[in-house]
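Structure assessment
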Amino acid sequence: MAAHRAESHKEFTSKRVRRRFIDFFKEGHEHRVVPSSSVRPRGDPSLLFVNAGMNQFKPILLGCPDPRSEMASYRRVVNSQKCVRAGGKHNDLEDVGKDVYHHTFFEMLGNWSFGDYFKVEACAMAWRLLTEEYGIPADRLYVSYFSGDAANGLPADEETRQIWLSMGVRPDHVLPFGLKDNFWEMGETGPCGPCTEIHYDHIGNRKAASLVNADSPDVVEIWNLVFMQYNREVNGSLRPLPQCSVDTGMGLERLVTVLQGKRSNYDTDLFTPLLSAIHQCSKAPAYQGRTGEADVDQVDMAYRVVADHIRTLSVCIADGVYPGMTGAELVLRRILRRAVRFSTEVLQAPEGALASLVPTVAHILGDAYPELHTESERIMDLINQNEAQFLSSLKQGRRVIDRTLSNMDKDSAVFPASVAWSLHRNLGFPLDLIDLMLEEKGKMVDKKEMAVLEDEYEKLRSQSEEDDEDRVDQLDLHSLAELQIRGVPHTDDSPKYRYSLGTDGKYVFQPCKASVLALYCDRSLVSEVSEGQRCGVILDQTSFYAEQGGQAHDQGYFTKDGLQDVLFPIKSVRLAGGYVVHQVTAAETLRTGDQVQLHLDEANRMGCMVKHTATHLLNFALRELLGPSVSQRGSHCTASRLRFDFSVKGSLSVSELQQVEELVQNIIRQNAEVYLEEIPLSKAKQIAGLRTIDEVYPDPVRVVSVAVPVSDLLNSNSTERASVELCCGTHLLRTGAIRDFVIVSERQMVKGISRILAVTGDEAKKAREMAQVMREELESLAVQVGAASSLSIPAAQRISKEVGLLMNAVDITPVPQWQRQELQTQLKAMQKTSNNTIRKLEIKEAALKAKELLVKHSNKPVVVDLIHTDSISVLMKTVLQLSKSTPDSMVMLLSHLQLSGKVLCACQVPKGSASGSALKWAHSVCARLGGNADGSTDVAKGVGKASKLTDITDILHWAEEFAQNKIRKAS
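Residues numbered from 1 in each chain as written. Predicted model: local features only at pLDDT ≥ 70, side-chain atom pairs only at ≥ 80, totals over all residues. Heavy atoms only, no water.

Per an unreviewed UniProt entry, the protein chain is named Alanine--tRNA ligase, and its organism is Onychostoma macrolepis. Under the UniProt heading Subunit (unreviewed entry), the entry covering the protein chain gives this text: "Monomer. Interacts with ANKRD16; the interaction is direct." The heading Catalytic activity (unreviewed entry) in the UniProt record of the protein chain holds the text "tRNA(Ala) + L-alanine + ATP = L-alanyl-tRNA(Ala) + AMP + diphosphate". (UniProt positions renumbered as here; feature names shortened; annotations may be inferred.)

Set out below in structure tokens:
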């Protein structure tokens, strides 16, 4: 066996280890190979990232997969899943780099049984793979099982213990553990069950049972086999599942470490090429694998941080998660910035070094995840852009810290928490970096105040994430199972597609009658609900569209036979495991078996159809104009507007926006036919130019094609370019009903992803009309701005204010985005011209006032006087002009605005003067007037208040005396 192990270290490359795992279950045990899902969770708001192999299979485990999808047929499955654990419940970010086994990105090898095999087969397959296929000595393996829990009424999993013993595992290698280690739960509610873990002893030839689950680096868990046999209910109790499942997970990195005879994951071929590439582009010594105090200056930690984080960044960006400001995007931003800091500060690598590692990541992982090859250029671009932005933010942040410190009382050791929090939230400054920089200067942040600010932010964020919509209670898996046991058929929702185009050009929606098959209330199925009760209604058929595929649910109501004047308004419509659930608050007693008539809000449905078809045209136009690199990242259609997110390098230019709009409008003007056809999924995927997103599609699938029949697209010789997508939404039958299309907003959500908002029909027409109104206002203002140099300062300021108001109106009013950009550019130029005009008028007025004052106060060491102006800017300019003519004088001018009582103050003292500080002078004067001042040693300005003219006379004398005293003391 020893010879076999020595040989296996060379044989087991990471690629072979992954491949052998998949082949073992596929070829030897008839498992279906399912590709890894994206690390962006599919429709699961509870997760920031996919963090386990089971995430994509949650619909099966919860009993609600689409019965028409391929997923509904899964029984035995195997795969290698990309996982990210950073942020949220599973957060390894701050641990990464400190040791040799924590990662933010890792691969989870797993096999599943959904109602097929259970404990015996799962244990036997796992043991055979490890000991026979991979050749791991059995005496180095220890297995744990669930020891039971009296509080939950759970017995020990003796069945699993006996299975291991019957397979020849030694009794002292089969160990019992409690809930914490050997009972797995999906969350606070949902499927759960006992698990059995397989641990590996790196040392061998000893008794290591006491080190299992003892946080020993020598004895590590390598595989977890979960037996899902219970459901954790909302009240905390456990109920047996209607169908048992097996969910196993084994980290590839840890397994490869064992098979390659290493003690550190970073010493395997998953990381060594990266560590070598990092060394080549940095000024640091080669990686030596040290940790803790032995790792002088944290050089080896920096190697591990950069190697881990570049893998995470590459995988996430390839899957469409880009660094940003909220949720998963914010976590990725922190990962990128942590990598940049260790790369530039510790390893002293040049800017751009991080992105240069992407091809190495693609070389290591690209065979399993080919998107790393196809997206490598985009990944590098985004990393470079974000790195440059962060390094710029670091410089800006350091300036803010230095400026704050210079304005602080020198005796104070506490740095304002508000400034530190602003640096963290707005510039992305890591909090630990702020602490380090302040520590160097003998300062620290008030941690209590900081905690208050963090709590306030978390409260605001959690409030914003709450969904105000009164959602349908999702059918729980026991109710779903009960529906199937009762033989309740899945809802026939094909009536939602039953509409036609009349000869008058109006859409005709067929009426729909239905029977109440089930009622869902308070997490259970009931036969009757009373007036006022909120419930979910399942019908045998429905014409209502359930929210999915980015389209909002239909609105309307239903009535009961015989009670046509009693309306049951439908608040929302959701899909759960093939059942369409209509949420209503009962207006009258409702029972299973009742007959109802559905009444669709046709205007709302038409709005959704218009926006959804327009979204397809927009997607097509963007790809036609910008090329195939454009890919959809999300969309949402309501009756009033559409939202479309897509990947693109930067914001669209005025010309590009115009061209996209024109392309869409051309198809609208053609009144092109929209072809809708249901075909097998395998056949649909053969269509050239087909646009798909990361979704689980039903089979057969609905194909939506504009202007070109689906049959033509299936002809491999067809060269026609068309908008063609797999889509379950409701669409127009001809594009003419869109009438008009206008992009009213386009902005970068994060670097690399733009969001378009668009309107159609009358709203589009209004947007064009508003743009014309604003264009006319701009032209009128342009004439006034051009003539402003001959006006008084207040008149010129009024024009400048009008320019500012129009700029604000242009920013917030729905107008074509390309026109908004044109108007904004012209208004910015006008604002600049207007400001220059005002500045010149102020300089002119200041020169006249300074000339008068020079005659009045020639060669005085202190000049204090009152002049008439409403502008602090004119006051300051007059001070500067007067000081220029009398460079040795201390000059202070005040202005009294009699209506408001406000007093403006400006002053200057000779540079390097021993007579004192301009700021202290202005501050002392303004403080006596109940105000404040700011500025520097040389120049300052401020504001106070004086109700009587005698107060002004007094303050002029006091200000002059203050300055004279300073001169006397200095001499």
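From this point on, the discussion continues.
**Here's the deal with the nonpolar core**
Phe-21, Leu-130, Tyr-134, Ile-198, Trp-223 and Ile-383 are the most contacted members of the largest nonpolar core, which totals 120 residues. For this core, the leading source of residues is helix α9 (residues 299–318), giving 13 residues. Membership of the second largest hydrophobic core comes to 57 residues, among which are Val-596, Ala-672, Val-706 and Cys-727. (Core = buried A, V, L, I, M, F, W, Y, C linked by side-chain atoms within 4.5 Å. Buried < 20%, exposed > 50% of the residue type's maximum accessible area, 1.4 Å probe, protein only. Helix = DSSP H or I, 4+ residues; strand = E, 2+ residues; numbered from the N terminus.)

**Description of the sheet that holds strand β29 (residues 753–760)**
Pairing is antiparallel in the open sheet, where four strands are placed in the order β23-β24-β29-β28. Only two strands of the sheet have a single neighbouring strand rather than two, namely β23 (632–637) and β28 (741–750). Averaged over all pairs of adjacent strands, the angle between their axes in this sheet comes to 15°, without regard to strand direction. Inspection of the sheet shows β28 paired to β29 by eight bridges, in the antiparallel sense. What sits directly across from Ser-745, in β29, is Leu-757. Where helix α18 (residues 602–626) meets the sheet, it contacts β23, β24 (642–647), β28 and β29, and its direction lies at approximately 25° from that of β24. (Pairing = 2+ DSSP bridges. Axes fitted to C-alpha atoms, helices over the stretch in contact; angles between N-to-C directions. Contact = heavy atoms within 4.5 Å.)

**Details of the pattern of salt bridges**
In the structure shown here, the tally under the stated rule is 46 salt bridges. The residue Arg-311 makes a salt bridge to Glu-253 at a minimum N-O spacing of 2.9 Å. On the criterion of sequence distance, the pair formed by Arg-311 in helix α9 and Glu-253 in helix α7 (residues 252–259) is long-range, its members being 58 residues apart. Judged by relative accessible area, Arg-311 falls into the buried class, the value being 1%. Under the relative-accessibility criterion, Glu-253 is labelled buried at 2%. Between Arg-591 and Glu-528 there is a salt bridge, with the nearest N and O atoms lying 3.0 Å from each other. Of this pair, Arg-591 sits in strand β21 (residues 590–591) while Glu-528 is found in strand β16 (residues 528–529), placing the two residues 63 residues apart along the sequence. On the basis of relative accessible area, Arg-591 is assigned to the partly exposed category, the value being 39%. Members of the salt-bridge network, linked through shared partners, are Lys-82, Asp-319 and Glu-371. (Salt bridge = Lys/Arg side-chain N within 4 Å of Asp/Glu carboxyl O.)

**Focus: the sheet that holds strand β26 (residues 701–706)**
Strand order across the open sheet formed by three strands is β25-β26-β27, with antiparallel pairing between neighbours. In this open sheet, the two strands that pair with only one neighbour each are β25 (674–679) and β27 (723–726). Adjacent strand axes in the sheet meet at a mean angle of 15° when their direction is disregarded. Relative to β27, β26 is paired through four bridges, and the arrangement is antiparallel. Within β27, the position partnered with Val-706 by the bridge is Ser-723. This element, α18, spans β25, β26 and β27 of the sheet and lies at about 115° to β27.

**A closer look at empty space enclosed by the protein**
Per the stated rule, a full pass over the model turns up three cavities of 30 Å³ or more. Looking at the largest cavity, its volume works out to about 60 Å³. In this structure, the largest cavity is lined by Tyr-322, Arg-378, Asp-381, Leu-382, Gln-385, Val-648, Lys-649, Lys-751 and Gly-752. Of the residues contributing to the lining of the largest cavity, the split by class is three nonpolar, two polar and four charged. Taken as a whole, the second largest cavity holds about 40 Å³ of empty space. For the lining of the second largest cavity, the per-class residue count stands at eight nonpolar, two polar and no charged. (1 Å grid on protein atoms, 1.4 Å probe; cavity = no way out; pocket = protein on both sides within 12 Å on 5 of 7 lines; lining within 4 Å. Points joined across faces, edges and corners; volume = space filled by probe spheres on them. Nonpolar A, V, L, I, M, F, W, Y, C, P; charged D, E, K, R; others polar.)

**Side note on unusual backbone geometry**
Along the chain, Asp-699 connects to Pro-700 via a cis peptide bond; the corresponding omega equals 5°. Within the fold, Pro-700 resides in the loop between α20 (681–684) and β26. Not every positive phi belongs to a glycine, and Glu-30 is a case in point at roughly 55°. Its place among the elements puts Glu-30 in the loop between α2 (14–29) and β1 (32–33).

**Let's talk about the packing of helix α19 (residues 654–669) against helix α24 (residues 817–856)**
Close contact between α19 and α24 brings their axes to 8 Å; oriented N to C, the two are set at 155°. Relative to α24, the element α19 is oriented roughly antiparallel. Helix-helix and strand crossings are classified by hand; for α19 and α24 the assignment is left-handed. On the side of α19, the interface is formed by Val-654, Leu-657, Gln-658 and Glu-661, while α24 contributes Gln-817, Trp-818, Gln-821 and Glu-822. The residue makeup of the contact of α19 with α24, split by class, is three nonpolar, three polar and two charged. (Parallel < 35°, antiparallel > 145°, perpendicular 65-115°, else oblique. Left-handed = near helix turned anticlockwise from the far one by under 90°.)

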